[in-house]
Amino acid sequence: MDLSIETFEKKHDHLLCIDSDGTVIDAMNVKHNRCHGLSFVEEWGLQDHAEEVQRIWNDINLYEKTRGINRFLALNEMLQRMEGKYLQTRPEELIDYRAWIQEGDLSNKSLQARMEWDDNPLLQKAIRWSKALNARIARLTPADKPPFPHVREALAYARGKADISVISSSNMAAIREEWGAYGLLDFLSVMTSQEIGTKDECVARMIEKGYKPGNILMIGDAWPDVNAARANGVWYYPILTRREGESWTEFRQTYFDRFLQNSYGDCQQELMDRFEQNFTQQGE
């Protein structure tokens, strides 16, 4: 099935741009509970405090406004919260690590390059942690990452009325596997991934296919999705953490039709308020 953005041609006036992890596929919960957080506990030797450490990790990455941030930024936040409580990190190591963060290329490749001339022990721990969690993620199966309730019904309702695209920062192979395992690829018109570009860039490329920004709706679960929508002047629909099934049902029953009828602007602020309040309540 050809879902490439290069060959895609617009068929409808309206377009849905849908994030994958945490929006359609329930992958963030399992990744942070069984991969990211567990690897942090093991690398920093915090097994005696594993439950509390995992709770704090989940707050940062799932339930607060920082949901969806880069893993190395999450690690920095985690180290701040652990400092003096369960950890005592040398100040110069933290300064060095944060200097690397400021360079902007937050990837294993960039970190490895830095370590060729910087022997900071914290950088070494960070790369071991990152590689360990990648190995754990690689062992997850599609059965570990099902779609959220009511996603299928919502996509089925939208198909034929709007073009449907995936706008995700995951890799293409993972998206195809996760959507394909549950028969969701048939609902799609186009699929983008980290190999294609950032979310901002991919939404911009979809606009170039001939859509009016007011006829595009970004659906996501975290602030990076909001930022991609705002950068391109398109609407945003939130999938609320811990209320994903309810969010998809409301989308199908109420908000998709408002989008098609060009009255979505009347409810955008209300939905954004709900999105922010959902994080505030859970982060407290």
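Cut-offs used in this document
One numbering rule holds for all chains: residues counted from 1, following each sequence as written. Thresholds applied to this predicted model are a pLDDT of at least 70 for local features of residues and 80 or more for the giving and counting of side-chain atom pairs; totals over whole chains, interfaces and linings are not thresholded and use all residues. Neither water nor hydrogens contribute to the side-chain values; these are computed over all heavy atoms in the structure. Each residue is placed in one exposure class: buried if its accessible area under a 1.4 Å probe, protein chains only, is under 20% of its type's maximum, exposed if it is over 50%, and partly exposed if it falls in between. For helices the rule is a DSSP run of H or I covering at least 4 residues; for strands it is a run of E covering at least 2, with both sets numbered from the N terminus onward. At least two DSSP bridges between two strands are required for those strands to pair. The crossover handedness rule: strands pointing away from the viewer, path from first strand over the helix to second strand clockwise, crossover right-handed. Note on definitions: salt bridges are taken to be side-chain nitrogens of Lys or Arg within 4 Å of carboxyl oxygens of Asp or Glu. When charges are tallied, Lys and Arg are placed among the positive residues and Asp and Glu among the negative ones, while His and the ends of the chain are skipped. Contacts were defined at the residue level, with two residues in contact if any of their heavy atoms lie within 4.5 Å. To obtain each axis, a line is fitted to C-alpha atoms, and for helices this fit is confined to the stretch in contact; angles are then taken between N-to-C directions over 0 to 180 degrees. When we speak of the arc, we mean the arc of directions from the helix axis to the C-beta atoms. The sense of a crossing depends on the near helix, which, turned anticlockwise from the far helix by less than a right angle, makes the crossing left-handed and, turned clockwise, makes it right-handed. In plain words, nonpolar cores are sets of buried Ala, Val, Leu, Ile, Met, Phe, Trp, Tyr and Cys residues tied together by side-chain atoms within 4.5 Å.

Caption draft 1: Quick look at the pairing of strand β4 (residues 216–220). β4 sits mainly inside the fold: 5 of its 5 residues count as buried. Neither face of β4 is exposed, since Ile216, Met218 and Gly220 on one face and Leu217 and Ile219 on the opposite face are all buried. Bridge analysis of strand β1 (residues 15–18) against β4 gives 4 bridges, and the strand direction is parallel. Each bridged residue has a counterpart across the sheet, and for leucine 16 the counterpart in β4 is leucine 217. As paired elements, β4 and strand β5 (residues 235–238) share 4 bridges and run parallel to each other. From the neighbouring strand, glycine 220 faces β5, where its bridge partner is proline 238. Read as a crossover between parallel neighbours, the route from β4 over helix α10 (residues 223–232) to β5 is right-handed.

Caption draft 2: Main features of the pattern of salt bridges. As enumerated under the stated definition, the model contains 25 salt bridges in all. The salt bridge partner of arginine 205 is glutamate 6, with a shortest N-O separation of 3.7 Å. Remark: glutamate 6 occurs in the segment before β1 and arginine 205 occurs in helix α9 (residues 199–207); sequence separation between them is 199 residues. Judged by its relative accessible area of 53%, glutamate 6 falls in the exposed class.

Caption draft 3: The arrangement of unusual backbone geometry in detail. Phi is positive for histidine 150, close to 75°, though the residue is something other than glycine. Tracing the backbone shows histidine 150 in the loop between α6 (121–139) and α7 (151–158). With a phi close to 70°, arginine 242 is a non-glycine residue in the positive phi region. Secondary-structure assignment places arginine 242 in the loop between β5 and α11 (244–260).

Caption draft 4: Representation of the side chain of glutamate 244 within the structure. Within the fold, glutamate 244 resides in helix α11. For the buried glutamate 244, which has no salt bridge, the nearest side chain bearing the opposite charge is arginine 67, at an N-O separation of 4.7 Å. Those residues in contact with glutamate 244 that sit more than four places away from it in its chain are Gly22, Phe148 and Ile239.

Caption draft 5: Main features of the sheet that holds β5. Sheet architecture is open: 5 strands sit in the order β3-β2-β1-β4-β5, paired in parallel fashion. Among the strands making up the open sheet, the edge pair consists of β3 (190–192) and β5. The mean inter-strand angle of the sheet, taken between neighbouring strand axes irrespective of direction, is 20°. Against the sheet, helix α8 (residues 172–181) makes contact with β2 (163–167) and β3, and its axis sits at roughly 135° relative to β3, the strand it touches most.

Caption draft 6: How the structure looks around α9. Looking only at α9, the buried set comprises Lys199, Cys202, Val203 and Met206. Viewed along the axis of α9, the buried residues span an arc of 100°, placing them on a single side of the element. On its buried side, α9 packs onto β1, β2, β3, β4 and α10.

Caption draft 7: Local environment of the packing of helix α1 (residues 28–43) against α6. It is at 9 Å that the axes of α1 and α6 come closest, and there the two elements cross at 145°. As α1 packs across α6, the resulting crossing turns out to be right-handed. Facing α1, whose interface residues are Lys31, Arg34, Cys35, His36, Leu38, Ser39, Phe40, Glu42 and Glu43, α6 presents Lys125, Arg128, Trp129, Ala132, Leu133, Arg136 and Ile137.

Caption draft 8: Here's a closer look at the nonpolar core. In terms of nonpolar packing, the biggest core is built from 33 residues, with Leu16, Trp179, Ile219, Tyr237, Trp248 and Phe251 touching the most fellow members. Where this core is concerned, the elements lending two or more residues are β1, α7, β2, α8, β4, α11 and α12 (265–283). The element contributing the most residues to this core is α11, with 5 residues. Discounting chain neighbours no more than four positions away, the residues touching tryptophan 179 are Ser20, Val24, Ile25, Leu155, Val166, Leu184, Leu185 and Leu188. Formed by 31 residues, the second largest nonpolar core is a distinct cluster that contains Phe40, Leu46, Leu87 and Ala126.

Caption draft 9: Structural view of the pairing of β2. The buried count for β2 comes to 5 of 5 residues, which makes it a mostly enclosed element. Neither face of β2 is left uncovered, since the one carrying Asp163, Ser165 and Ile167 and the one carrying Ile164 and Val166 both have all their residues buried. As defined by bridge partners, β2 adjoins β3 across 3 bridges and the pair is classed as parallel. Following the sheet pairing, serine 165 is matched in β3 by valine 190. In this region the chain leaves β2, passes through α8 and returns to the parallel neighbour β3; the handedness of that crossover is right-handed.

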